[in-house]
Amino acid sequence: MNISYMYSLIAVIILFLLAYVGVKFPGGEVFFGIIIPYLALIIFILGFINRVIDWARSPVPFRIPTTCGQQKSLPWIKSANIDNPSTTGGVVVRMILEVVFLRSLFRNTKCELKEGDKISYEWEKWLWLFSLTFHWAFFTVLFRHLRFFTEPVPACVQLLEKLDGFLQIGLPGLMLSGVALLAAVTFLFLRRILIPQVKYISLGSDYFPLFLIFGIAFTGILMRYFTKVDIVGVKEFTMSLVTLNPHVIKGIGGVFYVHLFFVSVLLVYFPFSKLMHLGGIFMSPTRNLVNNSRVKRHVNPWNYPVKVHTYDAYEDEFREKMIEIGLPVEKMMAPETPEEPEEKE
Amino acid sequence: MSELPKPDELFSKIDYRPAPKGWMDTPVNIRKGIACYASNPKSVEYVGLPYPRQWSCFDEDWQLPENWKEIISKGFRERLDRFRSIKVFMDICVRCGACADKCHFFIGSGDPKNMPVLRAELLRSVYRNDFTTAGKIIGSIGKNFKKIIGARELDLQVLKEWWYYLFQCSECRRCSVFCPYGIDTAEITIMGRELLNLIGLNVDWIATPVANCYRTGNHLGIQPHAYKDMMDFFTDDIEEITGVRVEPSFNKKGADILFITPSGDIFADPGTFTCMGYMMLFHYLKEKYGFDITWSTYASEGGNFGFFTSHEMMKRLNSKMYAEAKRLGVKWILGGECGHMWRVIHQYMDTMNGPADFLEEPVSPITGTKFENAKSTKMVHITEFTADLIKHNKLDLDPSRNDHLKVTYHDSCNTARGMGLLEEPRYVIKNVCNNFYEMPANTIREQTFCCGSGSGLNAGENMELRMQGGLPRANAVKYVHEKHGVNMLACICAIDRAALPASMEYWVPEVDVTGVHEMVANALILPGEGKRTTDLRSEPLPGMEEDDAE
């Protein structure tokens, strides 16, 4: 039994019970519906900013981009301005490709030992595909939720919702993003327990957010398609949160509070966890720097003088040998100095 | 020294499935054949690094200073505050595992702690415990919880594990190409080794070259008179082969440019042939175009093993390049074929020891080409320089003199991923020899594999590790050897020239190793040369085999 995911699973189940049972107590709805979400949001925002500022406080002393293509050198050699950016524009495109399309993950290969003594490296697209699906689906779901927090609902949100539900299956219409999110989370979880190497490196802090996000997506789907939550009531409630005039609406149901609680936990967990890769990717010095360190001097703010072995010291040690073999020297050997008359004591 | 297993044994031992027991519960087992010997205290002392002492990694007691934990912890904090890279890389890894099978040491050994992610986790686990809020809060609940979030206390076992695995990383950055956040294990290894050096835990293959370089100007400790002697010896060889006597100049004030290359090429085959190649090329340029290049015995090292010790040591050794260029009053600096040397020059030198405002922006007086890409650092890579000469038709070349070679090209990690020098050497190779074949796409250019011995791991006592790490490169060479009959592996790195022959001999015995400028010199028609019957290795040229037999 792998304690890492068992503990994480148990943690998520406990969180579920906390919210599900908790709201039934007097004041529970206020606590889980109003106090916790507000608190979570504040912790998320402050925590996120704090983390980014903390990173930014450390300087980038050296220009160390990982170059993944031809440098800009001689005019007749074609350079790769995106994978090895020589301009800020190149870096911007490189970052966009990285953040929006997970460019580096797209390169992923799988190494295998073949019969005899061959090693093969095959393109491995699944991790990239499901990661991309995961992030895009999550983003879509998040964006769609703006309809709970805006009045009137902006056209772009409505449009996205239409696109997301274009299959027009069932009533209420099936949203592709929700299904995609669940599928991707499931894949990401399964590869963690099925691929031996990935299982070996996985920590509780890798499983926990997966279970939590699974829980969020699951409770969301449950409300929309199965328990048919009172959508008008939910909107009234969320708008009350947005307008800072929070009040509880009766009869929304336990699953909704579980959903909201999971989201709150995710928000609180976010700034203290690996989920901060959302901010960190923008600050990664191997990706966000121009490869122009021979063109333009990069300044290290804490560059300090160091002890060096000077030429003079070098020549002093080897002068005789250098002269003997005909190497030029700065100072010729001092002619045999007449012995100082020895001082007698 | 331990017995090196046979190639097929080594290969069949590789198993990518980690043991069922978790990595934190698997104590480090420091093995002979994998680990390098500890640094010689004299070398550590010579450059004034802390805690020089006689110790051995195979001993139980490493004779650490009493307050070693405090030193490491303080050093860690300092580095977090100085390097954003390390801070961000400690925080954002999601352990997706994309890097896992990208490391040549993992591919060749199957040791799960050689997965880049896990190598970094060795340090991250301590970071989480000591420096993060989450680690402190959750850690206080209990040890089991610590483990779940991947945190642990630094103790002697952990320290030994750091040492063992930080000297099984060649800082090649291949993993950082595949990481979705660009997490660079080289940064983590560099930082980790800095920490280890704070308590005197270096390996001798790094510490002694560093001390040598500090004193004599080069890693091998070649003193100025011996340096000249060795070059004289090459001069004789060149005369014997070509009938032309070249006259390299040393420490010459007022020369046009200063040339700096790794000392390894002065010292041992096959690098020596590359060195002869430079000498012939420079002679040609002097004769034909009056271009005056000087060598230095003081700045007689291109490489920088200080880079494998600490940022400070790197700066101390690197300072000689600019100092010597200034003293000699040259216009700019030309750099020879070397890997990590160029990472240092390209990404660090100007920042550390610049600005080089006493030099001129590099221009080739022969072609008029301005090397805009080296405008500030004022140092040009020799393949950039030679490619430009060839492009402008400034060299008389007879590539058929390399017809006995079927060549493939190994990109050095550092020039590929820390610079992007990919096409220049290929252009040169294609113009000086007729048979060139690329290795498979996933093993070259930015995806190139390390020779297996980079970053100071080129020792003798860790041969098993070197052969494990060399496997992916050798396997790709074997592929083109079998498919196209490739018999020569070209490279632009002195460590490659020192390390790859051993790895070829072990994995693909039919393939030799050469520097690019050895092949340039083979093809280069020197003014006034006699009929050449052999190449620089004194082996008969194609069609001359019989002449030779006569």
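Calculation rules
Residues numbered from 1 in each chain as written. Chains lettered and ligands numbered in written order. Predicted model: local features only at pLDDT ≥ 70, side-chain atom pairs only at ≥ 80, totals over all residues. Helix = DSSP H or I, 4+ residues; strand = E, 2+ residues; numbered from the N terminus. Rg over C-alpha atoms; globule rule 2.2 N^0.38 Å. Buried ≥ 20, exposed ≤ 12 C-beta atoms within 10 Å, placed from the backbone. Contact = placed C-beta atoms within 7 Å. Domains from an automatic or database assignment. Nonpolar A, V, L, I, M, F, W, Y, C, P; charged D, E, K, R; others polar. Expected span 1.5 Å × (residues − 1).

S.K.: Mind showing me how you'd approach the overall build of chain B here?
M.R.: The number of helices and strands found in chain B is 24 helices and eight strands. Over its C-alpha trace chain B gives a radius of gyration of 24 Å, about what one expects of a compact globule, namely 24 Å for 550 residues. Dimensions of chain B, computed from the C-alpha atoms along their principal axes, are close to 80 × 50 × 40 Å. Across the 550 residues in chain B, those meeting the buried criterion constitute 64%. Within chain B, contacts between residues at least 6 apart in sequence are counted, and of these 77% link residues at least 24 apart.

S.K.: Can you help me understand the domain arrangement of chain B in this one?
M.R.: Accessible area lost on assembly of the parts is the figure often given for the size of an interface. All names here are of chain B. In terms of domains, chain B is made up of domain 1 (7-30 + 50-201) and domain 2 (210-549). Taken together, the contact pairs 18 residues of domain 1 with 23 residues of domain 2. Taken together, the elements giving at least two residues each to the side of domain 1 that touches domain 2 come down to helix 1 (7-13), helix 5 (104-109), helix 10 (174-178) and helix 11 (185-198). Of all the elements, helix 5 adds the most residues to the side of domain 1 that touches domain 2, at five residues. Taken together, the residues that form the side of domain 1 that touches domain 2 break down as seven nonpolar, six polar and five charged.

S.K.: Help me understand the interface of chain A and chain B in this model?
M.R.: Taken together, the contacts link 83 residues of chain A with 94 residues of chain B. Elements with a minimum of two residues in the side of chain A that touches chain B: helix 1 (3-22), helix 4 (103-106), strand 1 (109-114), strand 2 (118-123), helix 8 (196-201), helix 9 (204-226), helix 12 (277-280) and helix 13 (311-325) of chain A. No other element matches the seven residues that helix 13 of chain A contributes to the side of chain A that touches chain B. Here the residues of the side of chain A that touches chain B are counted per class, giving 41 nonpolar, 27 polar and 15 charged.

S.K.: Help me out: how do you make sense of helix 12 (residues 204-216) of chain B in this one?
M.R.: Along an α-helix, a turn takes 3.6 residues, which lines up residues three or four apart on a common side. Residues and elements named next belong to chain B. When the terminal C-alpha atoms of helix 12 are compared, their 17 Å separation across 13 residues agrees well with the 18 Å that a helix rising 1.5 Å per residue should span. Of all 13 residues that make up helix 12, 11 are buried, and the element is covered over most of its length. Buried residues of helix 12: W205, I206, A207, T208, P209, V210, A211, N212, C213, Y214 and T216, and no others. On its buried side, helix 12 packs onto helix 2 (41-46) and helix 16 (311-328). G217 sits one or two positions beyond helix 12 and adopts a positive phi of about 95 degrees.

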